[in-house]
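Listed below, chain by chain, are the residues.
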Amino acid sequence: MTDWRPDRLERRLPHLQTRARLQAAMRQWFAGEGFLEVETPILQAAPGAEVHLTGFATEWELPDGESRERWLHSSPEFAMKKLLAGGLPRIFQFARVFRNAEGSALHHPEFTMLEWYRSGVGYEAIMADCAALLATLGVDQLRWNGHVCDPRAEPERLTVADAFVRHAGVDLFATMGNAEALSGASGVAMHAGDTWEDVFFRIMFEKIERRLGMGRPTILCEYPISMAALARAKPGDPRVAERFELYVCGVELANAFGELTDPRIQRERLEADMDLKDRLYGVRWPVDEDFLAALDHGLPDCSGIALGFDRLVMLASGAGRIEDVLWLPVR
């Protein structure tokens, strides 16, 4: 609890100076692209929609004595989409976000998410944004765990199905929904009670992710539709969603969607995700009805992305842990 001490702060200062420089450069890039920087509330009716995350809850005491449960958001996504529905066409935010029960070299319970959205474009435009932003960092290499990546290099675009063939020797869609078949084809162990998605993520962790973003960034796209989250189905191939993740040096930096705009489908997905969360963890997050009302009002065709800013600073500065790039870590 002494991260403020001059000796400790001095050791982190080069990383923190890189953090400040990158944030300023990114703000300048967004301004040049016609984006408006926004700030949305941290306290929300629902923290997000992620099945496997743990949230921070609090009580809001109103002046009349009434109290309401509120959550520290895990992403500003719901709130930013409300602004899109309100008519803002290009927005970005450096948001402080919160995820309980997390801590590792790459995880911290409070961290900074850089999130941005464009109306009227497909998610390929967000892919181009990623390449442009990486090229503005002003560093020759991104580094992590002994690996290097050229941030100015054109990103590799790789579908999830192709990644499974290349790195795990698996025809992913031939095993769809069959956990035993996916386990057998990949050679990755299946545990009691595992679903197809459980085996999928174990293969990602053991065989695929650590090989992505080597030498140049990798855009891993077209996730199975069962993992669409808040993304829409890809036109012409309903098996997959318009979703991609950005990898550098084996580290996931960002998650992006061609955004789902249908309120009925979105409600069904949110409720199904909370049913699963309840079965797995005995916890159910509320559904943000105001978010669904914004979709019902009319969310324009849009695409967006959430990028872990602290992780990017780590890779740009050569820091070994996420705490090295935080002004003051949570203690």
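This text goes with the structure placed above it.
Residues numbered from 1 in each chain as written. Predicted model: local features only at pLDDT ≥ 70, side-chain atom pairs only at ≥ 80, totals over all residues. Heavy atoms only, no water.

## Quick notes on the side chain of R232
Then comes step 1: On the secondary structure map, R232 appears in the loop between β10 (218-221) and β11 (233-234).
Then comes step 2: On the accessibility criterion, R232 (19% relative accessible area) is buried. (Helix = DSSP H or I, 4+ residues; strand = E, 2+ residues; numbered from the N terminus. Buried < 20%, exposed > 50% of the residue type's maximum accessible area, 1.4 Å probe, protein only.)

## Here we look at the sheet that holds strand β5 (residues 90-98)
Then comes step 1: The mixed open sheet is built from eight strands, whose spatial order is β1-β5-β6-β15-β14-β13-β10-β9. Lying at the two open borders of the sheet, with one neighbouring strand each, are β1 (36-37) and β9 (156-159). (Pairing = 2+ DSSP bridges.)

## Considerations on the packing of aromatic side chains
Aromatic rings considered in pairs are described by the distance between their centres and by the relative angle of their planes.
Then comes step 1: Per the counting criterion, the structure on display carries 14 aromatic pairs.
Then comes step 2: On the numbers, 5.1 Å between centres and 80° between planes, the contact of W29 with F30 is edge-to-face.
Then comes step 3: Seen from their ring centres, F30 and W116 are 5.4 Å apart, and the 65° between their planes marks the pair as edge-to-face. One end of the pair, F30, is in helix α1 (residues 6-32); the other, W116, is in strand β6 (residues 110-119), and 86 residues separate them in sequence. Assigned by exposure class, F30 and W116 land together as buried.
Then comes step 4: Members of the aromatic cluster, each reached through a chain of ring pairs, are W29, F30, F35, F92, F94, W116 and F309.
Then comes step 5: A cation over an aromatic ring shows up here: R239 above the ring of F173, its NZ or CZ 4.2 Å from the ring centre.
Then comes step 6: Over the ring of Y223 we find R243, and its NZ or CZ is 4.3 Å from the ring centre. (Phe/Tyr/Trp six-rings, centres within 6.5 Å; stacked < 30°, edge-to-face > 60°. Lys NZ or Arg CZ within 6 Å of the ring centre and 35° of its normal.)

## Digging into the environment of Y247
Then comes step 1: Looking at the element boundaries, Y247 is found in strand β13 (residues 243-248).
Then comes step 2: The exposure class assigned to Y247 is buried, which follows from its relative accessible area of 0%.
Then comes step 3: Counting along the chain gives 31 residues from Y247 to R216, while the straight-line C-alpha distance between them is 9.1 Å.
Then comes step 4: Within the structure, the side chain of Y247 is placed 2.6 Å from the side chain of E209, a separation counted as a polar contact. (Polar contact = N/O pair within 3.5 Å; in protein donor to acceptor, adjacent residues only side chain to side chain.)

## A closer look at the pattern of salt bridges
Then comes step 1: Considering all chains together, one arrives at 26 salt bridges under this definition.
Then comes step 2: Its salt-bridge partner being R96, residue E110 comes within 3.4 Å of it at the nearest N-O pair. Within this pair, whereas E110 is found in strand β6, its partner R96 is found in strand β5, the two being separated by 14 residues in sequence.
Then comes step 3: Exposure remark for E110: the relative accessible area of 23% places this residue in the partly exposed category.
Then comes step 4: Note that R152 is salt-bridged to D140, the shortest N-O span being 3.3 Å. You can see R152 sitting in the loop between β8 (147-149) and β9 and its partner D140 sitting in the loop between α3 (123-135) and β7 (142-144), a full twelve residues away along the chain.
Then comes step 5: Members of the salt-bridge network, linked through shared partners, are D3, E323 and R331. (Salt bridge = Lys/Arg side-chain N within 4 Å of Asp/Glu carboxyl O.)

## A short note on helix α6 (residues 196-208)
Then comes step 1: W196, V199, F200, R202, I203, M204 and I208 are the residues of α6 that are buried.
Then comes step 2: Contacts made by the buried residues of α6 are with α4 (160-168), α5 (179-186), β10 and β13. (Contact = heavy atoms within 4.5 Å.)

## Digging into unusual backbone geometry
Then comes step 1: In this structure, N145 is a non-glycine residue whose phi angle is positive, near 55°.
Then comes step 2: Tracing the backbone shows N145 in the loop between β7 and β8.
Then comes step 3: A positive phi is found at A229, a non-glycine position, where the angle reads about 55°.
Then comes step 4: Turning to its location among the elements, A229 is positioned in the loop between β10 and β11.
Then comes step 5: On the basis of relative accessibility, which here comes to 34%, the residue A229 falls in the partly exposed class.

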